[in-house]
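# Architecture and fold: a report
These are the residues of each chain, in order.
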Amino acid sequence: MTTQKTPLEDSVSQPIAATATGDAPAGPERRHGRSRLTAGQLPKWTPYAVGAGALVLSAAIMALIGFNVAGWVIIGAIAYVVGMYVVTLLKENRRKATDGLWRNLIIGAFLIALVPLISVMWTVIANGWQGITQPGFFASDMQGITGKYDRAAEAGTGPILGGIAHALIGTLLITAAATIISVPIGLLASIYLVEYSNDNVFSKVIRFFVDVMTGIPSIVAGLFAAGFMLAVFKLFGAQPGAQTIGLSAAIALSVIMIPIVVRSTEEMLRVVPNELREASAALGVRKWRTTLKVVLPTAISGIASGVTLAIARVVGETAPILVTAGFTVATNWNLVKDWMMALPVYIYYQLTTPTAPQAPEPSMIRAWGGALVLIILVMLLNLLARAVAKWLAPKTAGR
């Protein structure tokens, strides 16, 4: 009795038998040296060929209308995207062509977004390097620096004197004070919203005002802090103008920081699994202790990262500090007495009111140097946020 094979069994047994005898597989297994699995796919060199053709076509078009590098790159990029879509559509299918088109558009949008960032970084570094390498730039302030020194420096008969010591110290002190004010308030507000409010009416009101505070202009925060401190000083009989101090600037920055801390901390606390809270409650642990010993340690990496990013957000604010802390050329270590300089205000004044109007180049160099230092501070704070988040992240068994 013979058993007939089905077409499926016969198609499977043919390659096996051919392999056992050492012969080539039967049927159209390979076509022109390529397997059936890769047939109909674009070669790996296709994007390079299309890119080269797009650049040549762009160069030809630019030669007709007037060559410039920016236009050559833009037209070449458009030609590349269109060319890859057409080639993929003809060689493969519409689905892969559409997928490739959107992938190229997303990559192009990312590169376009990088252009202004790279341009700003390059401009600030190129112009600010000369400023930060001046002798005494970090160790001296502007006290005693008059126009004659800048005129001599521009004429080449003297060095560029004056630095950012007073502005750097003021920025660090004001930002530290704003952090001390903002973090406890934001952290406690977030704990209430997540752990105790149960989404009552009061919590909804808090969230509404937090969202409103997130969008207020920074100058409004400065005016609020100045008015608040003026009212406080009037209670003690102080003269108007006494409120222009570093503490007023710290309060203004805290108005900007608090909603950022609240929102970021709230999201981090909501990520903590409820099972951890329930397990702690099952052991008879009180709610405040569960929050302190279980919830906060679990979310501490995200909380620390959010706080650090909030600091980076306010360290470069100009308007609220200009309104509240004023302007000075001397170093001031006292947050509750006299005016205090900050780096953003220092940069603003060096650009708008040079020390020597007839010789503005030294002031421009100092301003670019201060801008570079400010960008470095923001970058260091962002790197610190990443490091803190990684360091405080919950450890797993494999780490």
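Reading guide: rules and limits
In every chain, residue numbers begin from 1 and rise along the written sequence. The predicted origin of the model limits local features to residues at a pLDDT of at least 70 and limits the giving and counting of side-chain atom pairs to 80 or more, whereas totals for whole chains, interfaces and linings rest on all residues. By convention in this description, side-chain values take in all heavy atoms of the structure and omit both hydrogens and water. To qualify as a helix, a DSSP run of H or I must reach at least 4 residues; to qualify as a strand, a run of E must reach at least 2; elements of each kind are numbered from the N terminus. Exposed residues in this analysis have more than 50% of their type's maximum accessible area, buried residues have under 20%, and partly exposed residues fall in between, with area computed by a 1.4 Å probe over protein chains only. Asp and Glu are treated as the negative residues and Lys and Arg as the positive ones, with His and the ends of the chain left uncounted. Salt bridges are defined by distance alone: a side-chain nitrogen of Lys or Arg within 4 Å of a carboxyl oxygen of Asp or Glu. Two N or O atoms form a polar contact when they lie within 3.5 Å of each other; inside protein one atom must be a possible hydrogen donor and the other a possible acceptor, and for residues adjacent in sequence the pair counts only when both atoms belong to side chains. Two residues form a contact once any of their heavy atoms are found within 4.5 Å. Under this scheme, a helix contributes an axis fitted over its contacting stretch, all axes are lines through C-alpha atoms, and angles between N-to-C directions fall in the 0 to 180 degree range. Any angle that is under 35 degrees is reported as roughly parallel, and any over 145 degrees as roughly antiparallel; angles of 65 to 115 degrees are reported as roughly perpendicular and all others as oblique. Left-handed describes a crossing in which the near helix is turned anticlockwise from the far one by less than a right angle; the clockwise case is right-handed. Residues were grouped as follows: Ala, Val, Leu, Ile, Met, Phe, Trp, Tyr, Cys and Pro as nonpolar; Asp, Glu, Lys and Arg as charged; and all remaining residues, including Gly, as polar. Aromatic rings from Phe, Tyr and Trp, taking only the six-membered ring of Trp, are treated as a pair when their centres fall within 6.5 Å; an angle between ring planes under 30 degrees marks them as stacked, one over 60 as edge-to-face, and anything in between as tilted. By this rule the span expected of a helix is its residue count minus one, scaled by 1.5 Å. One axis is fitted to the seven residues ending at the residue and one to the seven starting there. The bend at that residue is the angle between these axes. Working definition of a nonpolar core: buried Ala, Val, Leu, Ile, Met, Phe, Trp, Tyr and Cys residues. They are joined through side-chain atoms within 4.5 Å. Each patch is built from residues lacking any salt bridge and having more than 30% relative accessible area; the joining distance is 9 Å for like charges and 5 Å for nonpolar side chains (Val, Leu, Ile, Met, Phe, Trp, Tyr). Accessibility throughout is a Shrake-Rupley quantity obtained with a 1.4 Å probe, and a residue counts as covered only by protein chains that appear here.

### Side note on the side chain of Asp-141
Looking at where Asp-141 falls in the secondary structure, it is placed in the loop between α4 (94–132) and α5 (147–155). Buried charge without a salt bridge: Asp-141, with Arg-366 as the nearest opposite-charge side chain at an N-O distance of 11 Å. A polar contact is formed between the side chain of Asp-141 and the backbone nitrogen of Gln-143, at a distance of 3.1 Å. At a separation of 3.0 Å, a polar atom in the side chain of Asp-141 contacts the side chain of Thr-331. With near-sequence residues (within four places) excluded, Asp-141 lies in contact with Gly-162, Gly-163, Ala-165, His-166, Val-329, Ala-330 and Thr-331.

### Some thoughts on the packing of helix α2 (residues 46–65) against helix α3 (residues 69–91)
Two elements in contact, α2 and α3, have axes separated by 8 Å at closest approach and are oriented at 135°. Considered as vectors, α2 and α3 are oriented oblique to each other. Read as a crossing pair, α2 and α3 show a hand that is right-handed. Together, Thr-46, Pro-47, Val-50, Gly-51, Ala-54, Leu-55, Leu-57, Ser-58, Ala-59, Ile-61 and Met-62 of α2 and Gly-71, Trp-72, Ile-75, Gly-76, Ala-79, Tyr-80, Gly-83, Met-84 and Val-87 of α3 make up the contact between the two elements. Considered class by class, the residues forming the contact of α2 with α3 number 14 nonpolar, six polar and no charged.

### With respect to the packing of aromatic side chains
Two numbers describe a pair of aromatic rings. These are the distance of the centres and the angle of the planes. Scanning the model with the defined rule gives seven aromatic pairs in all. Look at Tyr-192 and Phe-202: their rings are 5.9 Å apart centre to centre, the planes differ by 65°, and that puts the pair in the edge-to-face class. Highlighted residues: Tyr-192 in helix α6 (residues 165–196) and Phe-202 in helix α7 (residues 201–214), separated in sequence by 10 residues. Aromatic side chains Phe-327 and Tyr-349 sit 4.1 Å apart centroid to centroid with 35° between the ring planes, which places their arrangement in the tilted category. Note that Phe-327 is positioned in the loop between α12 (319–324) and α13 (343–352) and Tyr-349 in helix α13, a separation of 22 residues in sequence. Residue classification places Tyr-349 among the partly exposed residues on the basis of a relative accessible area of 24%.

### A short note on helix α9 (residues 246–271)
In this model, α9 (26 residues) spans 37 Å end to end at C-alpha, consistent with the 38 Å of a helix rising 1.5 Å per residue. Its axis deflected by about 30° at Ile-256, α9 carries its strongest bend there, up to four residues before the proline Pro-259.

### Considering the packing of α3 against α4
Relative orientation of the contacting elements α3 and α4 amounts to 165°, with a least axis distance of 8 Å. Our classification of the angle between α3 and α4 gives roughly antiparallel. Of the two possible hands of crossing, α3 and α4 adopt the one that is right-handed. Two secondary-structure elements touch here, α3 through Tyr-80, Val-81, Met-84, Tyr-85, Thr-88 and Leu-89 and α4 through Arg-94, Lys-96, Ala-97, Thr-98, Leu-101, Asn-104 and Leu-105. Within the contact of α3 with α4, the residues separate by chemical class into eight nonpolar, three polar and two charged.

### Re the nonpolar core
Membership of the largest hydrophobic core comes to 49 residues, with the highest contact counts inside it found for Ile-174, Leu-269, Ile-321, Leu-343 and Val-373. Contributing elements (two or more residues each) for this core: α4, α6, α9, α11 (287–314), α13 and α14 (361–392). The element that contributes the greatest number of residues to this core is α11, accounting for nine residues. Residue contacts for Leu-343: discarding those within four places in its chain leaves Ile-164, Ala-167, Leu-168, Thr-171, Gly-370, Val-373, Leu-374 and Leu-377.

### Some thoughts on α6
Here α6 contains 32 residues, and its C-alpha end-to-end distance of 46 Å stays within 8% of the 46 Å for a straight helix at 1.5 Å per residue. Just downstream of α6, Asn-198 is the residue with a positive phi angle, here 55°.

### As for a nonpolar patch on the surface
Where nonpolar side chains cluster on the molecular surface, the patch consists of Ile-74, Ile-78, Val-82, Val-86 and Leu-90 and spans about 500 Å² of accessible area. As for its position among the elements, Ile-74 is in helix α3. With a relative accessible area of 53%, Ile-74 lands in the exposed category.

### Here we look at the environment of Thr-98
Along the chain, Thr-98 falls in helix α4. Of the residues examined, Thr-98 reaches a relative accessible area of 29% and is grouped as partly exposed. Note: C-alpha distance between Thr-98 and Val-86 (12 residues apart in sequence) is 9.9 Å.

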